[in-house]
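Residue-level listing of the chains:
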Amino acid sequence: MKKFYIETYGCQMNVAQSSQLRDLMIENSFSEVSSYSRADIIIINACSVREHAERKVFNRIIYFNLLKKKKPDLKILVAGCFAQNNKEKINSDIIIGASRMMEIPGILMKEINEKYMDVKMDEYRFFPPV
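Heads up: these notes are all about the structure in this document. (Residues numbered from 1 in each chain as written. Predicted model: local features only at pLDDT ≥ 70, side-chain atom pairs only at ≥ 80, totals over all residues. Heavy atoms only, no water.)

Bringing a nonpolar patch on the surface into the picture now. A cluster of nonpolar side chains, contributed by Ile62, Tyr63 and Leu66, occupies part of the molecular surface with about 280 Å² of accessible area. Relative to the assigned elements, Tyr63 resides in helix H2 (residues 51–70). (Patch = residues over 30% accessible without salt bridge, like charges linked within 9 Å, V, L, I, M, F, W, Y side chains within 5 Å. Areas by Shrake-Rupley, 256 points an atom, 1.4 Å probe, with all protein chains shown as cover. Salt bridge = Lys/Arg side-chain N within 4 Å of Asp/Glu carboxyl O. Helix = DSSP H or I, 4+ residues; strand = E, 2+ residues; numbered from the N terminus.)

The element strand E1 (residues 3–9) is largely enclosed, with a buried count of five among its seven residues. Taken together, the two bridges between E1 and strand E2 (residues 31–32) define a ladder with parallel strand orientation. Its bridge partner being in E2, Lys3 is matched across the sheet by Ser31. With respect to chirality, the unit in which E1 leads through helix H1 (residues 12–27) into the neighbouring parallel E2 is right-handed. Alignment of E1 against strand E3 (residues 41–46), held across six bridges, turns out to be parallel. Counterpart to Tyr9 in the pairing with E3 is Ala46. (Buried < 20%, exposed > 50% of the residue type's maximum accessible area, 1.4 Å probe, protein only. Pairing = 2+ DSSP bridges. Right-handed = clockwise from strand over helix to strand, strands pointing away.)

This part covers the packing of aromatic side chains. Across all of its chains, the model carries five aromatic pairs by this definition. For the pair Tyr5 and Tyr36, a centre-to-centre distance of 6.1 Å together with 70° between the ring planes defines the contact as edge-to-face. Placement of the pair is Tyr5 in strand E1 and Tyr36 in the loop between E2 and E3, with a sequence separation of 31 residues. The class for Tyr5 is buried, based on a relative accessible area of 16%. Every member of this aromatic cluster is reached through a ring pair, and the members are Tyr5, Tyr36, Tyr63 and Phe64. (Phe/Tyr/Trp six-rings, centres within 6.5 Å; stacked < 30°, edge-to-face > 60°.)

For Cys11, the location among the structural elements is in the loop between E1 and H1. Taking the relative accessible area as the measure of exposure, Cys11 reaches 31% and is therefore partly exposed. Counting along the chain gives 35 residues from Cys11 to Ala46, while the straight-line C-alpha distance between them is 8.2 Å.

Our focus in this paragraph is the nonpolar core. Counting 18 residues, the largest nonpolar core has Ile42, Ile44, Val57, Ile61, Val78, Phe82 and Ile90 as the members making the most contacts within it. If one sorts the elements of this core by residue count, H2 sits on top with four residues. Among residues more than four places away in sequence, those in contact with Val78 are Ile44, Ile61, Ala83, Ile90, Ser92, Ile94, Ile95 and Ile96. Residues Ala79, Ile94, Ile104 and Leu108 belong to the second largest nonpolar core, which totals 16 residues. (Core = buried A, V, L, I, M, F, W, Y, C linked by side-chain atoms within 4.5 Å. Contact = heavy atoms within 4.5 Å.)

So, on to the pairing of strand E4 (residues 75–79). Put simply, side chains in a regular strand alternate between the two faces of the sheet. Of all the five residues making up E4, four are buried; the element is thus mostly covered by neighbouring parts of the structure. Handedness of the β-α-β unit built from E3, H2 and E4 comes out right-handed. Where E4 meets strand E5 (residues 94–96), three bridges bridge the pair, whose relative direction is parallel. Bridge pairing links Val78 to Ile95 in E5.

Once that is clear, we can look at H1. End to end, H1 covers 23 Å across 16 residues, agreeing with the expected 22 Å (1.5 Å per residue, within 8%). The secondary structure elements touched by the buried residues of H1 are E1, E3 and helix H4 (104–109). One or two positions beyond H1, positive phi appears at Ser29, with a value near 70°. (Expected span 1.5 Å × (residues − 1).)

Written as structure tokens, this is what we have:
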């Protein structure tokens, strides 16, 4: 069972999406851990409204990439509008736009050996209402 850790930056919508993503991950047989150091998958769900928050997220991505040197199988996934707006600048294994977040468990079940990016905005799929 793959272990995941979610960090959320930004607006209330990001907080709600992270909560729903957490539930969806658990429904799909992933196990949540309380520390990134124990995770196989680190998910950063971030908003790109404020520059200060963006800098903080970029710094976290750098830090998590340093962890990959000790734990090469670690997957780093960046999601949300931050991922859409900064897709060219993000150094992570997986980049998922806000409209594709419901697909994250399915994507993580696949064997991904190269950078994966899906930031299409052809339709917006919301999480089911809570």
